[in-house]
Amino acid sequence: MKIGITGGMGSGKTTVCSIFESMGVPVYYADVMAKKILISNKEVKMKIKILLGEKAYYKNGRPDRTFIASKVFTDKRLLESLNAIVHPAVHHDFENFYIAHKDKAPYILNEAALLVENGSFKRFEKLIVVTCPEKIRIQRIQKRDKTTIEVIQKRLQNQLPEEEKIKHADFIVNNSGEKALIPQIWEIHQKLIK
Ligand code: ATP
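Turning next to the packing of aromatic side chains. As enumerated under the stated definition, the model contains 5 aromatic pairs in all. Lying across the ring of Y98, K2 places its NZ or CZ 4.5 Å from the centre. Sitting above the plane of the F73 ring, K154 keeps its charged end 5.5 Å from the centroid.

Here we take up the side chain of K13. For K13, the position within the fold is in helix 1 (residues 13–22). Although K13 is buried, it forms no salt bridge, and the closest oppositely charged side chain is E111 at an N-O distance of 4.7 Å. Only 3.3 Å separates the side chain of K13 from the backbone oxygen of G7, close enough to count as a polar contact. Sequence-distant contacts of K13, that is, excluding residues within four places in its chain, are made with T6, G7, G8, E111, A112, A113 and V130.

Below, the discussion takes up the site of the ligand. Every residue lining the ligand is accounted for by G8, M9, G10, S11, G12, K13, T14, T15, R140, R144 and N175. A distance of 3.0 Å is found between an oxygen atom of the ligand and a backbone nitrogen or oxygen belonging to G12. Side-chain polar atom of K13 to an oxygen atom of the ligand: 2.8 Å apart, as the coordinates give it. Its free accessible area being 630 Å², the ligand has 68% of it covered by the protein chains. Those elements that provide at least two residues to the shell around the ligand are helix 1 and helix 6 (134–145). The element best represented in the shell around the ligand is helix 1, accounting for 3 residues.

We now examine the layout of surface pockets. Taken as a whole, the second largest pocket holds about 180 Å³ of empty space. Surrounding the second largest pocket, I37, N41, E43, V44, K47, A84, I85, P88, A89, H92 and D93 form its lining. Of all the elements in the fold, those that place two or more residues in the lining of the second largest pocket are helix 3 (42–52) and helix 5 (76–101). The element contributing the most residues to the lining of the second largest pocket is helix 5, with 6 residues. A class-by-class count of the residues in the lining of the second largest pocket yields 6 nonpolar, 2 polar and 3 charged.

So, on to the pairing of strand 3 (residues 108–111). Because side chains alternate across strand 3, one face comprises the buried residues I108 and N110, and the other comprises L109 and E111, equally buried. In the sheet, strand 2 (residues 27–29) pairs with strand 3 via 3 bridges, with the strands oriented parallel. Across the sheet, the residue bridging to Y28 is N110, located in strand 3.

As for its placement among the helices and strands, S120 is situated in the loop between strand 3 and strand 4 (126–131). Side-chain polar atoms of S120 contact the side chain of N118, separated by 2.5 Å.

With that settled, the discussion passes to the domain arrangement of the protein. Assigned domains within the protein: domain 1 (1–26 + 107–194) and domain 2 (32–104). Of the roughly 810 Å² buried where domain 1 meets domain 2, counting both sides, 72% is carbon and sulfur surface. Together, K2, I108 and R123 form the three largest contributors to the area buried by domain 1 at its contact with domain 2, with a combined 53%. The tally of links from domain 1 across to domain 2 stands at 1 salt bridge. In this structure, K2 engages E95 in a salt bridge whose closest nitrogen and oxygen atoms are separated by 3.0 Å. Where domain 1 touches domain 2, the interface holds 2 residue pairs in polar contact (both at pLDDT 80 or more). Considering only residue class, the side of domain 1 that touches domain 2 consists of 5 nonpolar, 2 polar and 3 charged.

Reading the values: rules and limits
- Residues numbered from 1 in each chain as written.
- Predicted model: local features only at pLDDT ≥ 70, side-chain atom pairs only at ≥ 80, totals over all residues.
- Heavy atoms only, no water.
- Phe/Tyr/Trp six-rings, centres within 6.5 Å; stacked < 30°, edge-to-face > 60°.
- Lys NZ or Arg CZ within 6 Å of the ring centre and 35° of its normal.
- Helix = DSSP H or I, 4+ residues; strand = E, 2+ residues; numbered from the N terminus.
- Buried < 20%, exposed > 50% of the residue type's maximum accessible area, 1.4 Å probe, protein only.
- Lys, Arg positive; Asp, Glu negative; His and termini not counted.
- Salt bridge = Lys/Arg side-chain N within 4 Å of Asp/Glu carboxyl O.
- Polar contact = N/O pair within 3.5 Å; in protein donor to acceptor, adjacent residues only side chain to side chain.
- Contact = heavy atoms within 4.5 Å.
- Near = heavy atom within 4 Å.
- Areas by Shrake-Rupley, 256 points an atom, 1.4 Å probe, with all protein chains shown as cover.
- 1 Å grid on protein atoms, 1.4 Å probe; cavity = no way out; pocket = protein on both sides within 12 Å on 5 of 7 lines; lining within 4 Å.
- Points joined across faces, edges and corners; volume = space filled by probe spheres on them.
- Nonpolar A, V, L, I, M, F, W, Y, C, P; charged D, E, K, R; others polar.
- Pairing = 2+ DSSP bridges.
- Domains from an automatic or database assignment.
- Buried area = accessible area lost by both parts, 1.4 Å probe.

Listed below in structure tokens is the structure:
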């Protein structure tokens with residue numbers, strides 16, 4: 001089975017996934033891989049340069065994220081075109097990951113922040129949503145990233161509220177700190193391996 005796992009920024013997706021990994025579940029970190037694909041996939045690079053111009057990449061081959069963000073931030077159609085280049089490449093990479101791991105595990109997790117926002121949660125048999133009140137998420141991100149509330153709030157604007165994500169959830173992990181994580185994850189794991 002392919003299982004999607006998502007949640008708002010700083011909800012604890014990576015933390016929860018690392019617990020699944022410690023139980024032997026393979027996890028594909030889609031957002032991390034997307035960043036790598038932007039650097040390593042020649043076709044993706046070429047298409048992005050055609051879409052946004054040569055300035056989208058530095059001479060050393062690394063993407064100029066500030067330039068790319070400034071281009072797509074105010075232009076919804078450009079953002080859609082960029083996603084239409086990057087998303088299929090990430091999906092293809094995940095399929096390879098899935099093929100490589102599927103015989104070793106009962107299910108594979110795909111972790112990404114915007115699975116509900118971009119509709120790709122529908123590709124998965126089940127969806128896990130990690131929840132945590134926004135106030136606590138902001139505090140945790142501030143501590144982790146040493147950044148300002150303004151920067152965090154700007155990033156939060158791209159995300160749907162938690163209630164919207166929960167509507168599509170088959171399983172919810174409450175990471176507010178009120179409930180221990182391991183028993184919740186163990187219960188989901190037991191259901192999934194059945
Ligand atoms: P992002 O959306 O930025 O990728 P994320 O959803 O993957 O974030 P994590 O990086 O797992 O979230 O967690 C955010 C921060 O909160 C991390 O510094 C993590 O160590 C911390 N954290 C996660 N869960 C808890 C918890 N239950 N109690 C205290 N701190 C926590």
